[in-house]
Amino acid sequence: MIGNVIKKHIMLKPTQVEDFVKEATKCDFDVDIYYNRYVVDAKSILGVFGLDLTKTLTVEYQGNNQQFEQYLNGLAIAG
């Protein structure tokens, strides 16, 4: 059974990328992160560093991981 696609808008500082990737890796489902049309696997540290970290990023996934949700809520931006 596939759940709804969940999208969260976040801001990441370069110092937060490693922790973000570690949290995404704990999920047993795919997690994508993107800016505009450039989509990367959120479990790839090089991919995430390749994004423009000065912009609002969108995290998209289908799955449920309460710890990951709470982590994202700490990075979420208003909007």
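Refer to the structure above for everything that follows.
What counts, and at which threshold
Residues numbered from 1 in each chain as written. Predicted model: local features only at pLDDT ≥ 70, side-chain atom pairs only at ≥ 80, totals over all residues. Heavy atoms only, no water. Helix = DSSP H or I, 4+ residues; strand = E, 2+ residues; numbered from the N terminus. Rg over C-alpha atoms; globule rule 2.2 N^0.38 Å. Buried < 20%, exposed > 50% of the residue type's maximum accessible area, 1.4 Å probe, protein only. Contact = heavy atoms within 4.5 Å. Areas by Shrake-Rupley, 256 points an atom, 1.4 Å probe, with all protein chains shown as cover. Lys, Arg positive; Asp, Glu negative; His and termini not counted. Charge placed at Lys NZ, Arg CZ, Asp CG, Glu CD. Arc of directions from axis to C-beta. Polar contact = N/O pair within 3.5 Å; in protein donor to acceptor, adjacent residues only side chain to side chain.

Caption draft 1: Spotlight on the overall build of the protein chain. Helices and strands together make up the secondary structure of the protein chain, namely three helices and four strands. Order of helices (α) and strands (β) in the protein chain, N terminus to C terminus: β-α-β-β-α-β-α. In terms of C-alpha radius of gyration, the protein chain reaches 11 Å, essentially the compact-globule figure of 12 Å for 79 residues. For the protein chain, the spread of C-alpha atoms along the principal axes amounts to about 35 × 25 × 25 Å. Within the span of the protein chain, comprising 79 residues, buried residues form 35% of the whole. The long-range fraction of contacts in the protein chain, counting pairs at least 24 apart against all pairs at least 6 apart in sequence, stands at 67%. For the protein chain, the accessible surface area stands at approximately 5,100 Å², while carbon and sulfur atoms represent 49% of it. One finds the centroid of the 8 positive side-chain charges in the protein chain at a distance of 6 Å from the centroid of its 10 negative side-chain charges.

Caption draft 2: Region of the structure containing helix H3 (residues 66–75). Phe68, Glu69, Leu72 and Leu75 are the residues of H3 that are buried. The buried residues of H3 all sit within an arc of 120 degrees when viewed along its axis, so they share a single face. Residues of H3 that are exposed and point over 90 degrees away from its buried face: Gln66, Gln70 and Gly74. The secondary structure elements touched by the buried residues of H3 are strand S1 (6–10), helix H1 (17–25), strand S2 (31–35) and strand S4 (57–61). Between a side-chain oxygen at the N-terminus of H3 and the backbone nitrogen of Gln67 the separation is 3.1 Å; the capping residue is Asn65.

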